[in-house]
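# Report on the structure
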Amino acid sequence: ALLIGILSDKINLKPLVLDQDIRWQIVQRLAALGHSQAAELITKTKANDPSETSFKSYLAAEASKPMINEKMKWLEQMNRPDANWSLARKQSIIYSLFPSTPRQTQLRYQFREQFYKTMSILDKRNEDISYNRAYVDLAPSGCDETLIKEFDNFISQQDWNVVTKKSLVIQNQENKICARVQIR
């Protein structure tokens, strides 16, 4: 209710100025949490600013909604071979797809099989190494030993582009560090 009041200008935060970037951050967080007014807030906020920055924020807010089918729809659109999306727009979606909430962590875990499949396809296409590197941000993430072994097996089963492989190995190293820290 507080954030809705701030967005609707019913709550005054002087001396803080609520610029469009801050508005988008609030809207994206509400969307990530599955707030009932998120869709309306996304539409309203997008209508107030036709800039490219606002459009990327719109994509990020839409992608952050806690619905696996919606997330898959965005990824399918972006990953089509004939898709003509800028890297910046794709990154807006990728980096916002699984924000840090308990529900989103569960969705990310459910997504891992799709990640393995799509990552392999993208690497074989060998079209956009920068995008592949960004896509690695969607890799399985966690402290679970089973997940870590699964990810290790995935990495070892393909002859990867060196940049993609480096990104995958780094991601799984972070998982391994998490597991070691958790043991302590």
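Here goes a summary of the coordinates provided. (Residues numbered from 1 in each chain as written. Predicted model: local features only at pLDDT ≥ 70, side-chain atom pairs only at ≥ 80, totals over all residues. Heavy atoms only, no water.)

## A short note on helix α4 (residues 52-63)
For the α-helix, the turn length of 3.6 residues means that residues three or four positions removed from each other point alike. Quick note on the threshold: Runs of H or I in DSSP of at least four residues are treated as helices and runs of E of at least two as strands, each being numbered from the N terminus. Residue count minus one, scaled by 1.5 Å, sets the expected span of a helix. Relative accessibility decides the category of a residue: with a 1.4 Å probe and only protein chains considered, values under 20% of the type maximum give buried, values over 50% give exposed, and everything between is partly exposed. Two residues form a contact once any of their heavy atoms are found within 4.5 Å.
Taking 1.5 Å per residue as the helical rise, α4 with its 12 residues ought to reach 16 Å, and the 16 Å between its terminal C-alpha atoms agrees with that figure. When α4 is considered as a whole, its buried residues turn out to be Ser54, Ser57, Tyr58, Leu59, Ala60, Ala61, Glu62 and Ala63. Along its buried surface, α4 packs onto α2 (20-32), α3 (38-47), α5 (68-79) and α6 (87-94).

## A look at the environment of proline 50
Tracing the sequence through the fold places proline 50 in the loop between α3 and α4. Looking at proline 50, the relative accessible area reads 82%, which means it is exposed. C-alpha of proline 50 to C-alpha of serine 141: the two residues are 91 residues apart in sequence and 35 Å apart in space.

## With respect to the state of the cysteines
A covalent bond bridging the sulfur atoms of two cysteines is what the word disulfide describes. Using the following cut-off: To count as a disulfide, a pair of cysteine sulfur atoms needs to be within 2.5 Å.
Applying the stated criterion to the full structure yields 1 disulfide. Disulfide partner of cysteine 143: cysteine 178, at an S-S distance of 1.5 Å. Separated by 35 residues along the polypeptide, cysteine 143 in the loop between α8 (129-135) and α9 (145-156) and cysteine 178 in helix α10 (residues 162-183) bring together distant segments of the chain.

## With respect to the nonpolar core
The condition is simple: Buried residues of nine kinds, namely Ala, Val, Leu, Ile, Met, Phe, Trp, Tyr and Cys, make up a nonpolar core once their side-chain atoms join them within 4.5 Å.
Counting 41 residues, the largest nonpolar core has Phe115, Tyr135, Leu138, Phe154 and Leu168 as the members making the most contacts within it. The biggest single contributor to this core is helix α7 (residues 102-125), with 6 residues. Leave out the neighbours within four places in its chain, and leucine 168 touches Phe115, Met119, Val136, Phe151, Phe154, Ile155 and Trp160.

## A few points about the packing of aromatic side chains
Threshold: Pairing of aromatic side chains here covers Phe, Tyr and the six-membered ring of Trp, requires ring centres within 6.5 Å, and sorts the geometry by plane angle: under 30 degrees stacked, over 60 edge-to-face, intermediate tilted. Criterion for a charge above a ring: Arg CZ or Lys NZ at most 6 Å from the ring centre, at most 35 degrees from the ring normal.
Applying the stated criterion to the full structure yields 12 aromatic pairs. Both rings, one in tryptophan 74 and one in tryptophan 85, keep their centres 6.2 Å apart while their planes meet at 90°; by these two values the pair is edge-to-face. One end of the pair, tryptophan 74, is in helix α5; the other, tryptophan 85, is in the loop between α5 and α6, and 11 residues separate them in sequence. Residue tryptophan 85 is classed as partly exposed on the basis of its relative accessible area, which comes to 23%. Ring geometry for tyrosine 131 and tyrosine 135: centres 5.9 Å apart, planes at 55°, overall tilted. With tyrosine 131 and tyrosine 135 both in helix α8 and 4 residues apart, this pair spans about one turn of that helix. The pair formed by tyrosine 131 and tyrosine 135 is uniform in burial state, with each residue classed as buried. These aromatic residues form a ring-pair network of at least three members: Phe115, Tyr116, Tyr131, Tyr135, Phe151, Phe154 and Trp160. One Lys or Arg, lysine 90, reaches over the ring of tyrosine 131 and ends 4.3 Å from the middle of that ring.

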